Structure formats: structure tokens, C-alpha cells
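Okay, here's what each chain looks like letter by letter:
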Number of protein chains: 2
Amino acid sequence: MNAPPPTLDDIRRAHARIAPHIHRTPVLTSALLDRETGARLFFKCENFQKAGAFKSRGACNAVFAMTDAEAHRGVATHSSGNHAAALARAAALRGIAAHIVMPNNSSKPKQQAVAGYGGRIVLCEPTLEARERTCRIVMETTGAALVHPYNDNRIIAGQGTAALELLEEVPELDIVMTPVGGGGLLSGTALATKALRPAARVFGAEPLQADDAAESKKAGRIVTKPANTIADGLRTMLGERTFPVIRDHVDEIVTVTEAGIADAMRRLWEIVKIVVEPSGAVPFAAVRENPHLFAGQRVGIILSGGNVDLDELPWVKK
Amino acid sequence: MNAPPPTLDDIRRAHARIAPHIHRTPVLTSALLDRETGARLFFKCENFQKAGAFKSRGACNAVFAMTDAEAHRGVATHSSGNHAAALARAAALRGIAAHIVMPNNSSKPKQQAVAGYGGRIVLCEPTLEARERTCRIVMETTGAALVHPYNDNRIIAGQGTAALELLEEVPELDIVMTPVGGGGLLSGTALATKALRPAARVFGAEPLQADDAAESKKAGRIVTKPANTIADGLRTMLGERTFPVIRDHVDEIVTVTEAGIADAMRRLWEIVKIVVEPSGAVPFAAVRENPHLFAGQRVGIILSGGNVDLDELPWVKK
């Protein structure tokens, strides 16, 4: 039997625990984008978060929730993305080791981010099997505890704190929407939102070319399928802790095209003047591609991250 | 005889006048950039300002300071940049006409911005002579009043309100720095800063390839020279109202290389996750290229604007 999902109290405790270590990120609005979409949009800017993404919330919560006895042997994870850097940073703040298993094809900027926070990088072959096996070996040899990127209640509660802040600042939202990859952010957001404002609907947004969450919700079980999208943070599948929350507490999964993601990202850069990564632009793409779902609604959108390789912009032809 | 420059009271009055029409922009910091530069940097984000630049401050002040009798005949200016859009927007807010003379080679996005705010665009040949002549004709035929981009005390007082807000939020600055093109922002900033915090030094930053302000300060008179820089907002020369203020109240003009501007801009995008135009990145380039001037200092930097053509990024080779 799995433990039940985090409660609002768990999310509030997470927020108090991580508050010294994260930014309370601003909520931005744009009169022009409101006119263009017919909705009222409130962008919670987790692209400004420490280490450049909401992942710092969950990582800090997991690391600072550990007892000293657990913590002193360090933490481990396998990730090539924002969770890797966020966990390395959280571990450094607590003064413990972070062992980060990364595929040997992960980009230099991503490896530099982890190394910059003092994480110990262990490279492996770029397959899920190799990542999991390497991570197990690292844990066995070091005694480090796994901090999974999303399939972990401490992570889900931590990610839920972004919605907590958003609803404190803008209580009267009709819809709260996040991107969905592994589902940590979406499930934390759904738990926080449905507890604080039951009338609000919670939407997940994902690429049509990585629509495993939409398929899973339809099928009533975790569906895995190939993902091929520029939204590199959303290529992962749901986990057994995130899926039931999404099944029970998320109202809808909206899918978007690749061109829509690139256009939405560019529009945020041009108009809001902020750097948002492709994954972070997916909910705004959902608004632009499905105006009928959002017209006249007050929509809170969590812009999940801002870690972009500026040499790889989707609108730049090579 | 010229009128004396604006006083702190003029700047405060400007601030009260424009407050309903502009954003109070945030001040951002970055622990990483502080470590990299050895300074403590406070970025006043005028890239988030209405119409994407500090120019909305001066334009709103000029437009809302007019009497109804003056205002009803409209305003005119010649500008291909941020002042054009800002003036069109300010005029629309007051419900009056804005005639914007633009060179016929100005970019589509810039023309769209002016048109989007309801400005009436009058195209002319891309020479200063043609711009001034066309603007005179427009003024004679319409009765519109000139709102010069910088050589105007109402504009200087309006631009000074950014420093007013910055010093309210971060009073203990050692240095306040802005880019310098025509000198409206720098002279307004100098007047506000020297009145509010006489101990602080005021620096202007400009491209080495458009170093007319540095040359003018050295020569004790307005020097004009060819400008060739990616910082397109800084290609203008000082005016007879801005030069004396810069001569008397600015401590130093720091010049930077073109490569330094592109690198500084990219670093702000990557680390602070904000979109800043080349001109806006010039003061940060000055810090990076002259660490000895800024080490250990608390430096307030006005990031002047965020209007960038995302198809023309300096680090993207074509």
C-alpha cells in the first residue's frame, strides 16, 4: 500500500521548511496577452526560482525534511534536467553530498549547473535502464538516499508550494494550470488548489507528442509511450504516486503542438520580457491553442522554469 | 538662455503625475552575478516597463504635463525606437493624436509597436535632416507639439523617476549607472541621485564605438561623431539640455566593447532570466569589463529596456 498523498498541511509545512532557501517568485500579468487571449492570465514566475525552476522547492523540501542521521550519508538521483541542479543546490545548502547520475549525452550547461552547485556527477549510458542501475550502484556504495524527481511525497508537497503562493497572491482564480511531465508539479498544484479553492479547476498541459498524461487519465492507468518534443522537461512518464492524484484531482489535460510551444515561448519573451524554457511555455500554448476553454476565465499559470540553451532557440534556423 | 535643469521637486512631481500610467518596476539581484563580478548589483528592471522601456516615464510626464489647450492638437516626435512607442502610448492614454516620424528603414516590429498604440506613422528618408524636416512639416500642418526624445526638461524629469524608485528601494547605493545615448535617462538619474544621496557616484555607460558622451565630457562641449554599435538605442548624440547636467553631475562615463555588450546581454538572459536589449546591457558590460571600478561597491543599474528583435540576436550566427 502506498502512503496517501500529501495534505494541505504537508504542503504548508513544506513551505515553512523551504522558505529560507527559495525565492517567493513574482506573479506577472500582461494587458496585451490578456487582450490577445481573451483570458486574464497570472504568470507565477518559477523561471526566476533558485536554480532556475520550481524543482528547487521539492528538492529543498526533501533534503531539509531528512533527519541528520539520514542526511549525513548524502542524496542521490538520476536526472539530466532541473531536478539535478536543484538537488545539488539543496544538498550543498545542507552541507551533504549529492550524487547525480546523468546520461553521458546531457548538455554541457546542464552538467556545469550541477557541478557549479558542488554536485558529484556520475555519467552513464543514456538509457533509463542504465540510469536506474547506475543510481542503485551509487546508493549501495555511498549509502546515499534516493530523491526521486517526482515519485516522492516530499517532492510533491514541495512543488505544491508554488500554487500555495500563487493562490495567496491571487485568490480568485478560475483555473490553475501547470505543465505535466512526471507529474510532481501538477499533482502538488492540484492538492493545494483543491484544498484552498475547491471551485477552481486544475489543468495540466503537455505536448501532443508526449501526451502520456492525457492518455493515462483516459485509460485510468499509467500509459507509457515514446515522447518526442522540444519541451525537454516533459519527456518523462507519470509515476505511481503522481498518477492517482492527477486521476482524482485534475480536471483536464490539454495537449499542444510543437509549433504552438515555440510560438508561446517566443511571445512570452517578446511581450513579458522573461526567459522561459519550452516546457514552461506549454500552459500558455494551451491557452493560445484553445481559446474557448479559457475565454473570460482568470487563469493562474505556473511558468515552470527558465533554463534555456541560448544557442538552441526553436525559432532560430541553423 | 536655457531653463535650469529639473530639480528633485520636479522629478517628484513627475513621479506623482505618471504613477497611474507606468509600472513600478522590480529591482532584481543575482547571487551568482555578484560572485562573478565582485560587486553587489541591483538591477532596476525598466525592461518590464510599459512599452518595454524607461521611455514611458518621460513620455507620460511630457504628455500629462500639457494643458488641455496644448494637448488637444496632439504631439509629434521623430524616433525609430522606444520613445516612439512610448509617446504613442502616452498620447493614446490622454486621448490625443501622436504623429511619429520614422525613417523608412525602421524595422517592422518597431513600426508595429507604434501602430499598436494608435500612433500615426509618417515615414521619411533615413537621415537626421529628413527626420527633422518631416517632423517640422507635420507640426506645422497639424499644430502638434514636439516631444523631443531627450532634449526636454519634462522628459529628463520623467526619466529621473526610475532612480527615485531605485533609491527608495535600495537607499545605500555607492554607484548608480545607466546607459547613455541622448542623455535623458543619465541626466535625470544624476539629478535625482545627487539630490537624494550626494555620496553616491553616478556613472554613464556607452559603447566604445559610440563614445560621444565620454568625448563630450572630456572636451567640455558636445562632440558628435559616427556611432556604430549593436546598442541601437545609444547611437544618438547628447543635447544642449542633457550635456550640461552630465558635465556637472555625472562622475564618469565608462566605455565598453561590442563583444562585451553581447556577452553581458546573454549573461543577463541566462542567469537573471530576463530579456534585456543590447542598450540595456551596456552598464552590466561596464561592470564586467572594469571590475576594479566596482569591486566591493553596491551598484544600482537601470536596465533601460527589453525590446529585442528575437530574429537578430548578437550571438546567433547567420
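Residues numbered from 1 in each chain as written. Chains lettered and ligands numbered in written order. Predicted model: local features only at pLDDT ≥ 70, side-chain atom pairs only at ≥ 80, totals over all residues.

Trainee: Any chance you could explain the packing of helix α1 (residues 8-18) of chain A against helix α3 (residues 55-65) of chain A here in plain terms?
Mentor: All names here are of chain A. Put simply, α1 and α3 touch, their axes get as near as 9 Å, and they point 85° apart. Viewed along their axes, α1 and α3 adopt a mutual orientation that is roughly perpendicular. Of the residues in α3, those touching α1 at A14, R17 and I18 are R57, C60, N61, F64 and A65. (Axes fitted to C-alpha atoms, helices over the stretch in contact; angles between N-to-C directions. Helix = DSSP H or I, 4+ residues; strand = E, 2+ residues; numbered from the N terminus. Parallel < 35°, antiparallel > 145°, perpendicular 65-115°, else oblique. Contact = placed C-beta atoms within 7 Å.)

Trainee: Where do I start with the interface of chain A and chain B in this structure?
Mentor: One widely used convention gives an interface's size as the accessible area the parts lose upon coming together. The interface is formed by 14 residues belonging to chain A together with 14 residues belonging to chain B. The class makeup of the residues in the side of chain A that touches chain B is eight nonpolar, three polar and three charged. (Nonpolar A, V, L, I, M, F, W, Y, C, P; charged D, E, K, R; others polar.)

Trainee: Sorry, what's going on with the relation of the copies chain A and chain B here?
Mentor: Put simply, the two copies of the chain differ by a rotation about an axis and a shift along that axis. Under the fitted operation, chain A is carried onto chain B by 0.0 Å of movement along the axis and a turn of 180°, and the coordinates agree to an RMSD of 0.0 Å. The operation mapping one copy onto its partner corresponds to a two-fold rotation axis. When each C-alpha of chain A is compared by its distance to the rotation axis, I274 of chain A comes out closest, at 2.2 Å. When the interface residues of chain A are mapped onto chain B, 100% of them again lie at the interface, so the same face is used by both copies. (Least-squares fit on C-alpha atoms with pLDDT ≥ 70 in both.)

Trainee: Can you walk me through the nonpolar core in this structure?
Mentor: L87 of chain A together with L87 of chain B are the most contacted members of the largest nonpolar core, which has 190 residues in total. Of the residues forming this core, the biggest block, eight residues, is contributed by helix α8 (residues 153-169) of chain A. Leave out the neighbours within four places in its chain, and L87 of chain A touches A59, V75, T77, A98, I100 and V147 of chain A. (Core = buried A, V, L, I, M, F, W, Y, C linked by C-beta atoms within 7 Å. Buried ≥ 20, exposed ≤ 12 C-beta atoms within 10 Å, placed from the backbone.)

Trainee: Could you clarify how one ought to interpret the sheet that holds strand β5 (residues 120-124) of chain A in this entry?
Mentor: Either a parallel or an antiparallel arrangement is found when strands of a sheet pair, and the pairing is made through backbone hydrogen bonds. All names here are of chain A. Judged by pairing direction, the sheet is parallel, and its four strands sit side by side in the order β5-β4-β3-β6 without closing on themselves. A strand with exactly one partner marks an edge of an open sheet, and here the two such strands are β5 and β6 (145-146). The pairing of strand β3 (residues 75-78) with strand β4 (residues 98-103) spans four bridges and is parallel. The residue of β4 that forms the bridge with V75 is A98. (Pairing = 2+ DSSP bridges.)

Trainee: Please explain the domain arrangement of chain A as it appears in this structure.
Mentor: All names here are of chain A. If you check the domain split of chain A, you get domain 1 (8-53 + 153-303) and domain 2 (56-146). The centre of domain 1, based on its C-alpha atoms, is set 24 Å off from the matching centre of domain 2. Listed by partner, the interface residues are 20 residues for domain 1 and 14 residues for domain 2. Of all elements in the fold, only α1 and α8 reach the threshold of two or more residues within the side of domain 1 that touches domain 2. Per-element tally for the side of domain 1 that touches domain 2: the top contributor is α8, with seven residues. In terms of residue class, the side of domain 1 that touches domain 2 is made up of eight nonpolar, eight polar and four charged. (Domains from an automatic or database assignment.)

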